[in-house]
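Observations on the three-dimensional arrangement
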Amino acid sequence: MIALAFAAALPAGTASAQSRVKDIVDVENVRPNQLVGYGLVVGLAGTGDRMRNSPFTEESMQAMLERMGVNIRGTQMRTQNVAAVSITATLPPYARAGSRIDVQVSALGDATSLQGGILIVSPLRALDGEIYAVAQGPVAVSGFVGQGAAASVSRGVTTSARISGGAIVEREIPFALASATSLKLALRNPDFTTADRVTRAINARFPGAAHMLDPATVEIAPPPGFAGSIVDLVTQVEDLPIQVDQPARIVINEASGTVVMNDDVRLSPVAIAQGGLTITVTETPQVSQPGPLSNGQTTVVPRSQVTVDDGGGASLAMIDGPSLQSLVNGLNTLGVSPRDVITILQAVKSAGALQAEIVVQ
């Protein structure tokens, strides 16, 4: 079933709620970092990698055992209790050595499930090649698979798991925020109007401290009294209220059939005709059985039935109103199914009657 969702169906001119600066911007250079690693999950109940199909798992096991003083070179291993996995994690800003972060584990080979496994200690590296964390611990799988001789049931993905607090930070990423001579705020959704409002709000609190560099960046120079204490300035700036402006936009996800539009969508007077066409093809093959002792062959004779339903003719509706509510009411008047909404919106946009950007995902 295709879902139709409207972000807001309010009359034009309704004031939107205010947001805080901290909810719409990021402080430049204060960001998380991605970590990645490779490891082995052991203790699986016969659901791990098959060594013949996953040679990298066998080589990893040999290397691990050799580091522990066990030499198995030349021995053919047949265990299916081990799985090679990729490990990913996000190192948050200001993470200190000894703190814990969550990790995500995903199978690399032909393992069928990581349920009940334990990740062996594995280093996590950043793009610079340095080790920033070490992961280890029992994995938690959200999915499951159950099967019998003639039936099976599954839910979720059993080859991907999570370890809550499964990595310990070993190296810190330095941030020179306290000694910075200026501060840059990066808008998460760049917009000239929003950036200007952020600049005005900061200057109202600290006159002359902020200026807009571009629709995505606002730079702040520490005002008198905040020299060498940029952190205190951040704490006071991030709580300032801002009314966020946004362009008129309609987001369409054709895969799921979801349509989301904001209250700034405007519509010029337009007439829309909609008619549904349904073509049904039904296959009822029949078996032709030869008579006794006729030396004939049994064949399957196709039988197809095609029916066409045009929905009783097209319907016509006049949509005359500038607001999103007018568009919603007009579509409801047509009685269209959510399946047709995407096509109608794209056609109205092509006609020049829809003043909004359409983003197709």
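Now for a description of the structure that goes with this document. Note that the structure is a prediction, hence the values are computed from the model and not measured.

Okay, the sheet that holds strand S25 (residues 357-360) next. Reading across the sheet, the three strands line up as S16-S15-S25 and stay open at both edges, with mixed pairing between neighbours. Each having just a single partner strand, strand S16 (258-261) and S25 make up the two edges of the open sheet. On average, adjacent strands in this sheet sit at an angle of 15° to one another, irrespective of strand direction.

Judged by pairing direction, the sheet is antiparallel, and its four strands sit side by side in the order S2-S11-S13-S12 without closing on themselves. On the outer flanks of this sheet lie strand S2 (25-27) and strand S12 (210-214), each paired with one strand and no other. Neighbour-to-neighbour, the strand axes of this sheet turn through a mean angle of 30°, independent of strand direction. Pairing analysis gives three bridges linking S2 to strand S11 (residues 183-187), with the strands arranged antiparallel. Looking at the pairing, Val27 lines up with Leu185 of S11. Its contacts with the sheet put helix H2 (residues 192-205) on S11, S12 and strand S13 (217-220), and the angle it makes with S12 is roughly 165°.

Turning our eyes to something else, we now look at empty space enclosed by the protein. Across all of its chains, the model carries one cavity of 30 Å³ or more by this definition. Leu91, Pro92, Pro93, Tyr94, Ala95, Glu172, Ile173 and Phe175 are the residues that line the largest cavity. Across the lining of the largest cavity, the residue classes tally to seven nonpolar, no polar and one charged.

A separate point is the pairing of strand S4 (residues 82-91). Judged by how many residues are buried, S4 sits mostly within the fold: seven of ten residues are covered. Note: strand S3 (residues 33-42) against S4, ten bridges, orientation antiparallel. Each bridged residue has a counterpart across the sheet, and for Asn33 the counterpart in S4 is Leu91. Bridge count for S4 against strand S5 (residues 100-107) is five bridges, and the pairing is antiparallel. Looking across to S5, one finds that Thr88 is bridged to Gln104.

With 14 residues, H2 ought to run about 20 Å at 1.5 Å a step, and its terminal C-alpha atoms sit 20 Å apart, in line with that. For H2, the complete set of buried residues consists of Thr194, Ala195, Val198, Thr199, Ala201 and Ile202. Summarising the axial view, the buried residues of H2 lie within an arc of 165°, below the 170-degree limit, and thus occupy one face. Away from the buried face of H2 by more than 90 degrees, exposed residues Phe192, Arg200 and Ala204 are located. On its buried face, H2 sits against S11, S12, S13, helix H3 (230-237) and strand S14 (241-242). For H2, the capping residue at the N-terminal end is Asp191, with a side-chain oxygen 3.0 Å from the backbone nitrogen of Thr193.

This brings us to the packing of aromatic side chains. Scanning the model with the defined rule gives zero aromatic pairs in all. Just above the ring of Tyr132 sits the side chain of Arg171; from NZ or CZ to the centre is 5.6 Å.

A separate point is unusual backbone geometry. Positioned with a positive phi, Tyr94 is a non-glycine residue whose angle comes to about 65°. Here Tyr94 lies in the loop between S4 and S5.

Turning our attention to the layout of surface pockets. Taken as a whole, the second largest pocket spans an internal volume of roughly 260 Å³. Along the walls of the second largest pocket sit 15 residues, with Asp26, Val27, Val30, Val234 and Glu238 positioned nearest its centre. Put simply, the parts of the chain that give the lining of the second largest pocket at least two residues each are S2, S11 and H3.

Before going further, it helps to spend a moment on the environment of Val341. Position of Val341 relative to the elements: it lies in helix H5 (residues 338-350). Expressed as a C-alpha distance, the spacing of Val341 and Gly257, which sit 84 residues apart in the sequence, is 8.9 Å.

Attention now goes to the side chain of Thr199. Considering the arrangement of structural elements, one finds Thr199 in helix H2. Exposure remark for Thr199: the relative accessible area of 8% places this residue in the buried category. Apart from the residues within four sequence positions on either side, Thr199 is in contact with Ala210, His211, Met212 and Val218.

Here Gln62 lies in helix H1 (residues 55-67). If near-sequence neighbours (up to four positions away) are discounted, Gln62 is found in contact with Ile72, Arg73, Thr75 and Met77.

On to the nonpolar core. By size, the foremost hydrophobic cluster in this structure holds 26 residues, and its most contacted members are Leu35, Leu114, Leu119 and Leu124. With five residues, the single largest contributor to this core is S4. Discounting chain neighbours no more than four positions away, the residues touching Leu124 are Leu35, Val36, Gly37, Ile87, Ala89, Val103, Glu130, Ile131, Tyr132, Ala133, Ala135 and Ala167. Membership of the second largest hydrophobic core comes to 23 residues, among which are Val25, Leu177, Leu187 and Ile242.

The rules behind these values
- Residues numbered from 1 in each chain as written.
- Predicted model: local features only at pLDDT ≥ 70, side-chain atom pairs only at ≥ 80, totals over all residues.
- Heavy atoms only, no water.
- Pairing = 2+ DSSP bridges.
- Helix = DSSP H or I, 4+ residues; strand = E, 2+ residues; numbered from the N terminus.
- Axes fitted to C-alpha atoms, helices over the stretch in contact; angles between N-to-C directions.
- Contact = heavy atoms within 4.5 Å.
- 1 Å grid on protein atoms, 1.4 Å probe; cavity = no way out; pocket = protein on both sides within 12 Å on 5 of 7 lines; lining within 4 Å.
- Points joined across faces, edges and corners; volume = space filled by probe spheres on them.
- Nonpolar A, V, L, I, M, F, W, Y, C, P; charged D, E, K, R; others polar.
- Buried < 20%, exposed > 50% of the residue type's maximum accessible area, 1.4 Å probe, protein only.
- Expected span 1.5 Å × (residues − 1).
- Arc of directions from axis to C-beta.
- Polar contact = N/O pair within 3.5 Å; in protein donor to acceptor, adjacent residues only side chain to side chain.
- Phe/Tyr/Trp six-rings, centres within 6.5 Å; stacked < 30°, edge-to-face > 60°.
- Lys NZ or Arg CZ within 6 Å of the ring centre and 35° of its normal.
- Core = buried A, V, L, I, M, F, W, Y, C linked by side-chain atoms within 4.5 Å.

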